[in-house]
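Descriptive structure summary
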Amino acid sequence: MASFPRTIQTRCISTSYKPRRDCRAACRRILESRHNMAASMRQQLASRPCSSTAARFSSSSSSRVLAAPRCHTPAAARRQQQLLQPLFTPLQQQQQQPRRQQLLVVYAAAPDSAASQPAGEDAESCDPNIPAVDQDFDLLGAEVKRLQEALGDQLKGCSIYLIGMMGTGKSTTGKMLANTLKYAFFDTDSVIELAHPGESVADIFKKYGEDYFRNCESQVLKELAPYKNLVVATGGGAVSRPKNWSYMHNGIVAWLQGAPELLARRVVAEGIEKRPLLFGDGVSEDEAYSISLQKLQQLLEDRTKYYENADVFIDLRGYGKDEQSGAPTAVVLHRLMQAVHEKINQTEAERESRRQFTIDRAGEVPSLKVQPSPHPAQPAAEE
Ligand SMILES: Nc1ncnc2c1ncn2[C@@H]1O[C@H](COP(=O)(O)OP(=O)(O)OP(=O)(O)O)[C@@H](O)[C@H]1O
Ligand SMILES: O=C(O)C1=C[C@@H](O)[C@@H](O)[C@H](O)C1
């Protein structure tokens, strides 16, 4: 029998597995009225052993509190619900009010839950091939919050540029990232459209040609480059002009990487009229997928050498039920923040090692050399 860890989370729910947002309002209401009861349960839980089958139940005239270990996966939550159902049923019969307003479930999270794998029974139902954060929305939320704080300190206003093929979600993820970091968000396609009232990107391509569009794109990037605190979603083809890199390298460049099959599904779902590079006139809905797939494959092949100049790489693959649709936006956001965080750590470590200089005084002054010390892990080859 495992003892309850020190970190305790309190949530309202039925025992079903739900993203926190779904039950936040109800949770707040219940927490307000059941605060004292929860506090005493937390105390008890912190000091007593328990397992997921040994949920604790306590009641008073005004409150019912059920304490159970927190589930890390949908499957574990379902199993727990089955186990706990007998406890809920008499309560529901006894009380005329909806269950959500009467029950408070106190969950114990795993210690340092952000980093750890679910333990005990939960671990069995957790797919070991899928990262724990991809399976548990609570864990994901906690991780995003942790990274939000870390990046707030680390980035110091440094802008982030998102690159990648059309349909990778640069605009969607970019907006979320900007919200999380409290940055301003720009989408170069939208800025160009704003400068051409009443005309879409597709109209601009058609009316003025691709070269004109690319000039506009470079102009927007040039104007944004001097500013800090930005998230910029670039057009899929912006990477192919070298001077655009001189603008984007004022910030951190992140490449969202998705398989052409995934992107083709998304762009077709959005409507073929929006993608001038993929669809000419007269393409039917039936052939849209195969045409876009073929073109996306070709474009990706041509552009990979540019995209590879990015500072960080974000894999859009989804697992399990997300295999077809790609990783959900919240998961992509987390991967992006994690990659930027790691990149900054790595850059700081490299910079630190470069700060060590040696002065070779073996020769006379004219041959005196100032040079970086060899990195400890890679001693310089002997001459
Ligand atoms: N993680 C995701 N899961 C499922 N659908 C997504 C995800 N991210 C984006 N999408 C959908 O894919 C489509 C393209 O997204 P979005 O416009 O953000 O891509 P983009 O990279 O900015 O494209 P473009 O380069 O053409 O502007 C939209 O319909 C969006 O809702
Ligand atoms: O991949 C591309 O070249 C493009 C992507 C879109 O964002 C738009 O910038 C435009 O449709 C071209």
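Rules behind the numbers
Residues numbered from 1 in each chain as written. Chains lettered and ligands numbered in written order. Predicted model: local features only at pLDDT ≥ 70, side-chain atom pairs only at ≥ 80, totals over all residues. Heavy atoms only, no water. Near = heavy atom within 4 Å. Polar contact = N/O pair within 3.5 Å; in protein donor to acceptor, adjacent residues only side chain to side chain. Areas by Shrake-Rupley, 256 points an atom, 1.4 Å probe, with all protein chains shown as cover. 1 Å grid on protein atoms, 1.4 Å probe; cavity = no way out; pocket = protein on both sides within 12 Å on 5 of 7 lines; lining within 4 Å. Sits in = over half its atoms within 2 Å of the grid points. Helix = DSSP H or I, 4+ residues; strand = E, 2+ residues; numbered from the N terminus. Nonpolar A, V, L, I, M, F, W, Y, C, P; charged D, E, K, R; others polar. pLDDT = per-residue confidence, 0-100. Contact = heavy atoms within 4.5 Å.

Re the site of ligand 2
What surrounds ligand 2 is the set M166, D189, V201, F205, F213, R214, G235, G236, G237, P276, L277 and R303. Within the side chain of R214, one N or O atom sits 2.8 Å away from an oxygen atom of ligand 2. R303 has a polar side-chain atom sitting 2.7 Å from an oxygen atom of ligand 2. Coverage of ligand 2 by the protein amounts to 96% of the 310 Å² it exposes when considered alone. Comparing atom positions with the cavity grids shows ligand 2 to sit within the largest pocket. Within the residue set of the shell around ligand 2, elements represented by two or more residues are helix 10 (201–208) and helix 11 (210–224). Here the shell around ligand 2 is built from residues that sort into six nonpolar, three polar and three charged.

Structural notes on the confidence of the model for the protein
As a general rule, the predicted coordinates of low-pLDDT regions are not to be interpreted in detail. Overall, the predicted model of the protein reaches an average pLDDT of 74, with 60% of residues at or above 70. Here residues 29–34 scores under 50 on pLDDT; set against residues more than four positions off or in separate chains, the count is 13 contacts. Taken as a whole, residues 379–383 scores under 50 in pLDDT and shows two contacts with residues more than four places along the chain or in a different chain. Confidence metrics for the complex model read pTM 0.67 and ipTM 0.98.

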